[in-house]
Amino acid sequence: MNASFPPVLPTYNRTPLRFAHGQGSWLIAEDGTRYLDFTSGIAVNALGHAHPALVAALTEQAQALWHVSNLYEIPVQEKLAEALVAHTFADTVFFTNSGTEAAELAIKMVRKYWHDQGTPRDTILTFEGAFHGRSTGAIAAAGAEKMTKGFGPLMPGFKTLPWGDLDALRAALDDTVAAVMIEPIQGEGGIRPLPDADLKALRALCDQTGALLVLDEVQCGMGRTGRLFAHEWAGITPDIMMVAKGIGGGFPLGAVLATARAASGMGVGTHGSTYGGNPLACAVGLKLVEIITSDGFLDTVRRKGALLRQKLEGLVASHPDIFEEVRGTGLMLGLKCTCPNTDLVRAAQDAHLLTVPAADNVIRLLPPLTISEDEITEALRRLDQAASTLS
Ligand SMILES: *Cc1c(COP(=O)(O)O)cnc(C)c1O
């Protein structure tokens, strides 16, 4: 032990708050203070805290079987894969424990696909402001200096383009490009949506050149935007998609979904994971997928998203000195601030409302998809209070 170095590696600048338990949209601190949670563990607790059906699914699985390894067939993993295939473009799924691992497999899948075509293509196009995780591959993909500095040499094979510049994309996307990897709505980048028309144009360009379209829906997927996956709003489908965060509702789980064509190179021995797709994670994921694909669930998310947005527009109008605009879709919303965003996050926290800062001076509002209309009203009251203290 070294008295000057903390036992927890100090890579986070943590807020000094300690929560003892959670219930629905609320987090209860050790001192009993109740916080309205518009963070959801960064878009993870899709059904809020301690959702009874998820607790039951996890408990039941915990009493039966925790882990067996992918050496064996895992029925609940197969069921979850079948459910995801039934509800999406995908023909096949590989389960991971996180979004970063999903990004790693997506990159490997792209490379193997082109290797097997006999006409290798090396370059994956990515975008400024992107976030795909913190592995050596994922930081190379995003390319931002704040993540890559000091960690070179970076993995080659990525070219980062400006965000939202369709002409730059057109110029770069020729038939030497292996794939384009993009978040339909940048999360860490500041709730920056790619317009539906641009996503359609991107799909068409990929079809023309043969490049694979890889969507990172780790943050915007799993019902967050009011559709099961954000790309559905544009009426297109990807070749490969990364999923994580919301899919486990708080239990570590991620996935790569792919078409049979894109996945064609990934035979026996090409990839693996000790924990990926273990029974505990898949039991929770399966229950969660059942709930968010059940009749009317996503309609409710869209309705609540519209209500939240409308109220946020009102907030922006009444505090033009604090806010610039509302961005995002469904319950993945952001407020672009004119004051420093971290001041607002702190003021909201003082009003017992938890929000998440993002790049581009934005605060993210990522409530559980199960948030009630009364809780939305309460959150707005607290945001208004927070903004008033900064005016
Ligand atoms: C969070 C996130 C990741 C990384 O997921 P981890 O589970 O933290 O590894 C990748 N892509 C996007 C868009 C994310 O928001």
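Numbers given for residues are sequential positions, taken from 1 along each chain in its written order. Owing to the predicted nature of the model, reporting of local features is limited to residues with pLDDT of at least 70; listing and counting of side-chain atom pairs is limited to 80 or more, with chain, interface and lining totals taken over all residues. The side-chain values count all of the structure's non-hydrogen atoms but skip hydrogen atoms and water molecules.

Chemist: How do you make sense of the domain arrangement of the protein chain when you look at a structure like this?
Modeler: How big an interface is tends to be stated in terms of the accessible area lost upon association of its parts. Domain delimitation in this document rests on an assignment produced automatically or drawn from a domain database. Split into domains, the protein chain comes out as domain 1 (19-45 + 296-390) and domain 2 (53-292). Each of domain 1 and domain 2 has a C-alpha centre, and the two are 27 Å apart. We call two residues in contact when some of their heavy atoms are within 4.5 Å. Between domain 1 and domain 2, the contact holds 26 residues from the first and 25 residues from the second. Defined in terms of a 1.4 Å probe, buried area is the accessible area two parts forfeit on being brought together, summed over both. When the two sides are added together, the surface that domain 1 and domain 2 hide from each other amounts to roughly 2100 Å², 63% of it contributed by carbon and sulfur. A pair is scored as a salt bridge if a Lys or Arg side-chain nitrogen falls within 4 Å of a carboxyl oxygen belonging to Asp or Glu. Summed over the shared surface of domain 1 and domain 2, the number is one salt bridge. For E188, the salt bridge goes to R364, with nearest N and O atoms at 2.8 Å. The term polar contact refers here to a pair of N or O atoms within 3.5 Å; inside protein, the definition further demands a hydrogen-donor-capable atom paired with an acceptor-capable atom, and it admits residues adjacent in sequence only when both atoms are side-chain atoms. At the boundary of domain 1 and domain 2, one finds eight residue pairs in polar contact (both at pLDDT 80 or more). Those elements that place two or more of their residues in the side of domain 1 that touches domain 2 are helix 1 (40-43), helix 10 (297-318), strand 13 (323-329), strand 14 (332-337) and strand 17 (362-365). Residue contributions to the side of domain 1 that touches domain 2 peak at four residues, all from helix 10. When residue character is reported, Ala, Val, Leu, Ile, Met, Phe, Trp, Tyr, Cys and Pro are called nonpolar, Asp, Glu, Lys and Arg charged, and the others, Gly included, polar. Of the residues that constitute the side of domain 1 that touches domain 2, the class distribution is 16 nonpolar, six polar and four charged. Strands here are runs of E lasting at least two residues and helices are runs of H or I lasting at least four, both read from the DSSP assignment and numbered beginning at the N terminus.

Chemist: Just to check I follow, could you spell out the state of the cysteines for this structure?
Modeler: Disulfides are defined as pairs of cysteine sulfur atoms found within 2.5 Å of each other. A full pass over the atoms with the stated rule returns zero disulfides. Here C337 stays free of any disulfide, with the sulfur of C339 as its closest cysteine sulfur at 5.0 Å. For each residue, the accessible area found with a 1.4 Å probe, counting protein chains only, is set against the maximum for its type, and the residue is called buried under 20%, exposed over 50%, and partly exposed in between. Overall, C337 belongs to the buried group, its relative accessible area being 3%.

Chemist: Sorry if this is basic, but what is going on with unusual backbone geometry here?
Modeler: Glycine aside, negative phi is the norm for most residues, and most peptide bonds take the trans geometry. Note the cis peptide between G152 and P153, where omega equals 0°. Of note, P153 is situated in the loop between helix 6 (145-148) and strand 6 (158-161). Phi is positive for A50, close to 55°, though the residue is something other than glycine. For A50, the position within the fold is in the loop between helix 1 and helix 2 (52-64). One non-glycine residue, K245, adopts positive backbone phi at about 35°.

Chemist: Which parts of the structure should I look at to understand the site of the ligand?
Modeler: Taken together, S98, G99, T100, F131, H132, G133, E183, D216, V218, Q219 and K245 are the residues near the ligand. Side-chain polar atom of Q219 to an oxygen atom of the ligand: 2.8 Å apart, as the coordinates give it. In the model, an oxygen atom of the ligand is placed 2.6 Å from a nitrogen or oxygen of the K245 side chain. Classifying every residue of the shell around the ligand by side-chain character gives two nonpolar, six polar and three charged. Nearness of a residue to a molecule or strand requires only that one of the residue's heavy atoms be within 4 Å of it.

Chemist: Looking at this structure, how should I read helix 2?
Modeler: Given 3.6 residues per helical turn, the α-helix brings residues three or four places apart onto the same face. Each helix should span, by expectation, one fewer than its residue count multiplied by 1.5 Å. Relative to the 18 Å expected for 13 residues at 1.5 Å per residue, helix 2 spans 18 Å between its end C-alpha atoms, a close match to the ideal helical length. The elements touched by buried residues of helix 2 are helix 9 (279-292).

Chemist: Before we go on, may I ask you to explain the side chain of E217 in this structure?
Modeler: Looking at where E217 falls in the secondary structure, it is placed in the loop between strand 10 (212-216) and strand 11 (240-243). Working convention for charge: Lys and Arg count positive, Asp and Glu count negative, and His plus the chain ends are omitted. For the buried E217, no salt bridge is present, and the opposite-charge side chain at shortest range is R224, 10 Å distant. Here H231 takes part through its side chain, which lies 2.8 Å from a polar atom of the side chain of E217. When residues no more than four places from it in sequence are discounted, the contact partners of E217 are P184, F229, A230, H231, M241, M242 and V243.

Chemist: So what exactly am I meant to see when it comes to the packing of aromatic side chains here?
Modeler: How two aromatic rings sit relative to each other is set out by the distance from centre to centre and by the angle between their planes. Only Phe, Tyr and Trp rings take part, Trp by its six-membered ring, and two of them pair if their centres are within 6.5 Å. Stacked means planes under 30 degrees apart, edge-to-face means over 60, and tilted covers everything else. Enumeration according to the criterion identifies three aromatic pairs in this entry. Centre to centre, the rings of F19 and Y35 are 5.7 Å apart; their planes meet at 85°, and the pair counts as edge-to-face. With F19 in strand 1 (residues 19-23) and Y35 in strand 3 (residues 34-37), this residue pair connects regions lying 16 residues apart in the sequence. Over a ring means this: the NZ of a Lys or the CZ of an Arg is within 6 Å of the ring centre and within 35 degrees of the ring normal. Above the ring of W26, the side-chain terminus of R34 is found at 4.8 Å from the ring centroid. In this structure, R227 is placed above the aromatic ring of W233, and the distance from its NZ or CZ to the ring centre is 4.3 Å.

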